[in-house]
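Chain residues, written in single-letter form:
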Amino acid sequence: MTAERIWTAALVVIGDEILSGRTQDKNIAQLAAWLNVQGIRLAEVRVVPDRQEAIVEAVNILRARNDYLFTTGGIGPTHDDITVDAIAAALGVAVVHHPEAMAILEAYYQSRGGLTDARARMARVPEGATLIPNRVSGAPGIHVGNIFVMAGVPHITAGMLDALTGTLEGGRPVVSGTIGCWVAESEVADLLRDAEKTHEGVAIGSYPFFRDGRTGANFVVRSPDAALVDACLADLTQALEAGGRSVVQGGI
C-alpha cells in the first residue's frame with residue numbers, strides 16, 4: 001500500500017514585540033486552520049527577532065524541509081522592517097522595487113498623503129518575486145519560490161490567505177473527532193498508544209485538564225480519512241467504557 005503524500009508548511013513569526021510579550025501572536029492558529037482546508041499540515045513554527053541573521057537561518061532551514069514556508073511580520077514601512085532584505089539574503093538575490101506594487105501603493109496613498117519614501121519601502125521585494133493581493137491596506141504580500149511573505153497584522157494576513165485560497169497544491173484536508181473522559185491520561189496511555197497502532201493513518205492527541213476538583217482529558221483523533229477517524233473513535237470509546245469509564249462524545 002502506497003503511503004499518502006503529506007504536504008507540509010512551516011511558519012516563521014518575525015518580531016521583537018512577539019518575543020517580548022507586548023504582542024500576542026494570532027497568526028499561528030489562523031494559518032494552521034487555513035492550511036488544513038488546503039490539505040496542508042502546519043508542521044513547525046519558529047519565532048525569531050528582528051535580526052537579519054536569525055531570519056535568514058530560520059528561512060533557509062524551514063524552506064528546505066517543508067513544501068511551503070510562510071512568514072509573518074516585518075514588511076512595513078519602518079527601518080526595523082527587514083523581512084524582505086533577510087529573505088533576499090537567504091535566497092542570494094537582490095532587493096528591487098516591484099513596479100506593480102509601486103502602482104498599487106501610489107493609488108492607495110493618493111488620497112492619504114501621497115507615496116513617501118517610507119511607504120515605498122513596502123513595494124520592495126526579492127528579485128523574481130510575485131505579489132499576494134492585499135485588499136485591506138494596499139501593501140501586497142510577496143511570493144517567491146516556496147516562500148509566502150505575509151503581514152503581521154492578523155486581519156491583513158487573513159485577507160492575503162483568502163487571496164491564496166485554492167492556489168497551493170496539497171492533499172486531503174485533515175478531519176478530526178473528539179471524545180472526553182474523566183480520567184488521568186497516564187491511566188490510559190497504553191490504551192491510546194494501542195489504538196493509534198491499530199488504526200494506521202490516524203494520530204491521537206491527549207489534552208489533560210483539571211476542572212471542578214477533578215482530572216480529565218480530551219482525546220482528539222485526526223486523519224485525512226473520515227472513516228478512519230470514526231472507526232478509531234468508536235473503538236477508543238468502547239475500550240474506555242469497558243474499563244468502567246464514562247465517555248463524553250465531542251469532548252468535555
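Student: Which parts of the structure should I look at to understand the overall build of the protein?
Tutor: Scanning the protein from N- to C-terminus turns up nine helices and twelve strands. By principal-axis analysis of the C-alpha atoms, the protein measures approximately 70 × 45 × 35 Å. Residue burial in the protein is summarised as follows: out of 252 residues, 42% are buried. Residue pairs in contact within the protein that sit at least 24 positions apart in sequence constitute 68% of those at least 6 positions apart. Mean positive and mean negative side-chain charge positions of the protein (20 and 29 charges, respectively) differ by 2 Å.

Student: Hey, could you run me through the sheet that holds strand E12 (residues 247–249) in this one?
Tutor: Where strands meet in a sheet, backbone hydrogen bonds hold them as pairs that are either parallel or antiparallel. Here we have four strands laid out as an open sheet, ordered E10-E11-E9-E12, and antiparallel in their pairing. Sheet topology places strand E10 (203–211) and E12 at the edges, where each strand pairs with a single neighbour. With strand direction ignored, the average angle separating the axes of adjacent strands in the sheet is 25°. Bridging between E10 and strand E11 (residues 214–223) involves nine bridges; their strand directions are antiparallel. Residue pairing for E11: Tyr207 is matched across the bridge by Asn218. Together, strand E9 (175–181), E10, E11 and E12 form the strand contacts of helix H9 (residues 226–242), whose direction differs from that of E9 by roughly 10°.

Student: Quick question: what am I supposed to make of H9 here?
Tutor: Given 3.6 residues to a turn, an α-helix orients residues that are three or four positions apart in the same direction. Here H9 contains 17 residues, and its C-alpha end-to-end distance of 24 Å stays within 8% of the 24 Å for a straight helix at 1.5 Å per residue. Among the structural elements, E9, helix H8 (189–198), E10, E11 and E12 are those in contact with the buried residues of H9. Among the residues of H9, the N-terminal cap falls to Asp225, whose side-chain oxygen and the backbone nitrogen of Ala227 are separated by 2.9 Å. At the C-terminal side of H9, Gly244 shows a positive phi close to 85°.

Student: For this particular structure, what's the right way to read the environment of Val12?
Tutor: Here Val12 lies in strand E1 (residues 7–14). Overall, Val12 belongs to the buried group, its relative accessible area being 0%. Val12 sits 33 residues away from Val45 along the chain, and the two C-alpha atoms are 5.9 Å apart. Setting aside anything within four residues of it in sequence, one finds Val12 in contact with Arg46, Val48, Ala58, Leu62, Leu69, Phe70, Thr71 and Thr72.

Student: Which parts of the structure should I look at to understand the packing of helix H3 (residues 52–65) against helix H4 (residues 83–91)?
Tutor: How two helices pack is summed up by the angle between their axes together with the distance between the axes. The interhelical angle for the contact between H3 and H4, taken along N-to-C directions, is 55°, at an axis separation of 9 Å. In terms of orientation, H3 lies oblique with respect to H4. The handedness of the crossing between H3 and H4 is right-handed. Counted together, Gln52, Ile55, Val56, Val59, Asn60 and Arg63 of H3 and Asp85, Ala86, Ile87, Ala89, Ala90 and Leu91 of H4 form the full contact between these two elements. In terms of residue class, the contact of H3 with H4 is built from eight nonpolar, two polar and two charged.

Student: Would you mind going over the pairing of E1 with me for this structure?
Tutor: Successive side chains on a regular strand alternate, one facing one side of the sheet and the next facing the other. Among the eight residues of E1, eight are classified as buried, and the element is accordingly described as predominantly covered. Of the two faces of E1, the one carrying Trp7, Ala9, Leu11 and Val13 and the one carrying Thr8, Ala10, Val12 and Ile14 are both buried. Sheet topology note: the E1/strand E3 (residues 68–72) ladder contains five bridges and is parallel. Its bridge partner lying in E3, Val12 is registered against Thr71.

Definitions and limits used
Residues numbered from 1 in each chain as written. Predicted model: local features only at pLDDT ≥ 70, side-chain atom pairs only at ≥ 80, totals over all residues. Heavy atoms only, no water. Helix = DSSP H or I, 4+ residues; strand = E, 2+ residues; numbered from the N terminus. Buried < 20%, exposed > 50% of the residue type's maximum accessible area, 1.4 Å probe, protein only. Contact = heavy atoms within 4.5 Å. Lys, Arg positive; Asp, Glu negative; His and termini not counted. Charge placed at Lys NZ, Arg CZ, Asp CG, Glu CD. Pairing = 2+ DSSP bridges. Axes fitted to C-alpha atoms, helices over the stretch in contact; angles between N-to-C directions. Expected span 1.5 Å × (residues − 1). Polar contact = N/O pair within 3.5 Å; in protein donor to acceptor, adjacent residues only side chain to side chain. Parallel < 35°, antiparallel > 145°, perpendicular 65-115°, else oblique. Left-handed = near helix turned anticlockwise from the far one by under 90°. Nonpolar A, V, L, I, M, F, W, Y, C, P; charged D, E, K, R; others polar.

In short, the description is geometric, and any link to function would need to be established separately.
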